[in-house]
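Chain by chain, the residues run as shown.
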Amino acid sequence: MTTDHTGSACKQCSGPTSRINGRTLRQSPARGGLLKKADDKRWIQVCPTCERQDLFDDHQIALPFQSLDGVMRTVQDDATGAKGVLSMAGFSFTQHALGSAVALANREDDDAGSARSTAQIEAEAQQYRLTPSHQSALELSDAICQWGRGSRVFGNLHKRHGTTLGDKMNRWMRAALAADTDEAAIAPVSSTQEAGRPEGLGVSFGSKHLRMLDPDRFAVLDSVLSEGLGYALNPKGYALFMRHLRDFHQQLSASGWGHSLARTESGLFVLVRQNVRVESDQTVNPSEA
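Just so you know, these numbers come straight off a predicted model, no measurement behind them.

Visitor: Explain the nonpolar core here, please?
Guide: Note that soluble globular proteins tend to have their nonpolar side chains buried in a common cluster. Of all hydrophobic cores here, the largest spans 56 residues; its most connected members are Tyr-238, Phe-241 and Leu-268. With near-sequence residues (within four places) excluded, Leu-268 lies in contact with Met-88, Phe-91, Phe-93, Leu-98, Leu-225, Leu-229 and Leu-245.

Visitor: Hey, could you run me through helix H6 (residues 165-178) in this one?
Guide: Two residues of an α-helix separated by three or four positions point the same way, owing to the 3.6 residues in each turn. Its 14 residues give H6 an end-to-end C-alpha distance of 20 Å, which sits within 8% of 20 Å, the value for a rise of 1.5 Å per residue. Along H6, the residues that are buried comprise Leu-165, Gly-166, Met-169, Asn-170, Trp-172, Met-173 and Ala-176. Residues of H6 that are buried in the fold lie against helix H3 (118-130), helix H4 (134-147), helix H5 (151-161), helix H7 (182-186) and helix H8 (203-213).

Visitor: Before we go on, may I ask you to explain the pattern of salt bridges in this structure?
Guide: When charged atoms on two side chains of opposite charge get close, those side chains can pair. Applying the stated criterion across every chain, the model contains 16 salt bridges. As a salt-bridge pair, Arg-107 and Asp-57 come within 2.8 Å of each other at their nearest N and O atoms. Remark: Asp-57 occurs in the loop between strand E2 (43-46) and strand E3 (65-66) and Arg-107 occurs in helix H2 (residues 95-111); sequence separation between them is 50 residues. You'll find Arg-107 and Asp-57 in the same group, each marked buried. Notably, a salt bridge pairs Arg-116 with Glu-124, separated by 3.1 Å at the nearest N-O pair. The class for Arg-116 is partly exposed, based on a relative accessible area of 33%.

Visitor: Mind showing me how you'd approach the layout of surface pockets here?
Guide: Where empty space is left can be seen by rolling a probe of water-molecule size over the atoms. One number sums up the size of the largest pocket: a volume of about 730 Å³. If you trace the largest pocket, you find 28 residues lining it, with Glu-108, Trp-147, Gly-148, Arg-149 and Phe-269 closest to the centre. Those elements giving two or more residues to the lining of the largest pocket turn out to be H2, H4, H8, helix H9 (223-229) and helix H11 (261-276). Of all the elements, H11 adds the most residues to the lining of the largest pocket, at 7 residues.

Visitor: Which parts of the structure should I look at to understand the packing of aromatic side chains?
Guide: The geometry of two aromatic rings is summed up by the distance between their centres and the angle between their planes. Counted under the stated rule, the structure contains 3 aromatic pairs. On the numbers, 5.7 Å between centres and 40 degrees between planes, the contact of Phe-91 with Phe-93 is tilted. When the centroid spacing of 5.6 Å and the interplanar angle of 75 degrees are considered together, the rings of Phe-93 and Phe-248 count as edge-to-face. Residue Phe-93 is located in strand E6 (residues 91-94), and its partner Phe-248 is located in helix H10 (residues 235-254); the two are separated by 155 residues in the primary sequence. As far as burial versus exposure is concerned, Phe-93 and Phe-248 are alike and both buried. Members of the aromatic cluster, each reached through a chain of ring pairs, are Phe-91, Phe-93 and Phe-248. When the ring centre of Phe-205 is taken as reference, the NZ or CZ atom of Lys-208 above it lies at 4.4 Å.

Visitor: Got a minute to help me understand the pairing of E6 in this structure?
Guide: In summary, the side chains of a regular strand alternate between the two faces of the sheet. Because side chains alternate across E6, one face comprises the buried residues Phe-91 and Phe-93, and the other comprises Ser-92 and Thr-94, equally buried. Taking the residues between adjacent antiparallel strands as the criterion, strand E5 (residues 85-88) and E6 are bridged by 2 residues, where Ala-89 takes a positive phi near 55 degrees.

Visitor: Even after reading the chapter, I still don't get the packing of H6 against H8, so can you show me in this structure?
Guide: Two elements in contact, H6 and H8, have axes whose closest approach is 11 Å; the angle formed by their N-to-C orientations is 60 degrees. Regarding the angle of H6 to H8, the classification is oblique. Of the two possible hands of crossing, H6 and H8 adopt the one that is right-handed. In this structure, H6 contributes Met-169, Trp-172, Met-173, Ala-176 and Leu-177 to the contact, and H8 contributes Gly-206, His-209, Leu-210 and Leu-213. Looking at side-chain class alone, the contact of H6 with H8 contains 7 nonpolar, 2 polar and no charged residues.

Visitor: Looking at this model, I keep getting lost on the environment of Lys-11. Mind explaining?
Guide: Secondary-structure assignment places Lys-11 in the segment before strand E1 (18-21). For the pair Lys-11 and Lys-83, spaced 72 residues apart in sequence, the C-alpha separation works out to 27 Å.

Visitor: Help me understand H8, please; the structure alone is not making it clear to me.
Guide: Burial within H8 is extensive, with 11 of its 11 residues counted as buried. Within the sequence span of H8, burial applies to Val-203, Ser-204, Phe-205, Gly-206, Ser-207, Lys-208, His-209, Leu-210, Arg-211, Met-212 and Leu-213.

Visitor: Looking at this structure, I do not really get the environment of Phe-91. What am I missing?
Guide: Tracing the backbone shows Phe-91 in strand E6. Along the chain, Phe-91 and Gly-228 lie 137 residues apart, while their C-alpha atoms are 8.4 Å from each other.

Visitor: Would you take a moment to explain the side chain of His-161 for this structure?
Guide: Structurally, the position occupied by His-161 is in helix H5. At a separation of 3.1 Å, a polar atom in the side chain of His-161 contacts the side chain of Lys-168. If sequence neighbours within four positions are ignored, His-161 has contacts with Lys-168, Pro-198 and Glu-199.

Conventions and cut-offs
Residues numbered from 1 in each chain as written. Predicted model: local features only at pLDDT ≥ 70, side-chain atom pairs only at ≥ 80, totals over all residues. Heavy atoms only, no water. Core = buried A, V, L, I, M, F, W, Y, C linked by side-chain atoms within 4.5 Å. Buried < 20%, exposed > 50% of the residue type's maximum accessible area, 1.4 Å probe, protein only. Contact = heavy atoms within 4.5 Å. Helix = DSSP H or I, 4+ residues; strand = E, 2+ residues; numbered from the N terminus. Expected span 1.5 Å × (residues − 1). Salt bridge = Lys/Arg side-chain N within 4 Å of Asp/Glu carboxyl O. 1 Å grid on protein atoms, 1.4 Å probe; cavity = no way out; pocket = protein on both sides within 12 Å on 5 of 7 lines; lining within 4 Å. Points joined across faces, edges and corners; volume = space filled by probe spheres on them. Phe/Tyr/Trp six-rings, centres within 6.5 Å; stacked < 30°, edge-to-face > 60°. Lys NZ or Arg CZ within 6 Å of the ring centre and 35° of its normal. Pairing = 2+ DSSP bridges. Axes fitted to C-alpha atoms, helices over the stretch in contact; angles between N-to-C directions. Parallel < 35°, antiparallel > 145°, perpendicular 65-115°, else oblique. Left-handed = near helix turned anticlockwise from the far one by under 90°. Nonpolar A, V, L, I, M, F, W, Y, C, P; charged D, E, K, R; others polar. Polar contact = N/O pair within 3.5 Å; in protein donor to acceptor, adjacent residues only side chain to side chain.

Just geometry here; none of it tells us what the structure is for.
Rendered as C-alpha cells:
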C-alpha cells in the first residue's frame, strides 16, 4: 500500500512531513489537548524531526504515523528506506511501529473501564476449557461480547436462541477447539455441521470467541482488518487471514518477537485503524487541527 500525500514539507526544517490519525495523536500529552473528538477521523500533518517529542504518549510509547511512502513508522525508525519494513496483505509498517501498536492496544485495554480485561477473559476462557459447561459457555460468551463492545450482539443472540444459547455456544466452542482447520472452527451451524457457530453470531464476534479460547492459535478478524487488508468476513476469508497472520507471526517470532499471535493481531489492528477510520484522504496541518 503506497500513499502519496505530496507537497508536505516542514516549514521549519524543510524535511518531509508525515501524517497521523487524530485519534492516535490525541494520546500525545503535548498535542492531545489541542485536538477534539472530531479530529479522530482526520489525518494530521506532523514533522517527525521537529515534533519528535510530541510523538510519544504519556507512557513514552512512540506513536505510529504514516510516512510519505505509506509505511507506518515511529520516530525510532529512519525517516525513509526499506530497513526494517514489514508487510502483510500489502500494508507496510516497521517492527517498531507494530511493537508500539501492541503496547497502545494493551493501554486501550487497561483504560477501557470494562468489567474484565483481556487477560481476565483469557483466564476465564482457559477455565472454561478445563471444565466446559452450558453455563460457563454462556457466561464466557457474554464477557467476550462486552469486551468487544458488543453487548447488543449477545442480547440479540439471547433473544434468538433463548434458553438453548448456552448449549449451542458450548457445543460450538468445544467443536471449534477440536477443529482441524480455521474454516471449520469458524463455520456456522448448518445441516452438515450441527455444532457450528450459532445463528446470529457473525465472523467478527465469532473470531473474538476463538481468540479468547486460544490466543496462540486464533486471532480476531473484524470490520477494520477486513476493510483495511481486504479479507472477507466469511469462513474462507477468516481462514486466509489466519494463514497469512500465522506465517507473518512465525517470521517475527524467529527474530525474538515475544507476543502471542492474538497480541500481534491487536497491534496490526491499531495500525490499520488509522487508515480505515479517516473519513477522507485530506491531510490538515497543525494550525488547522
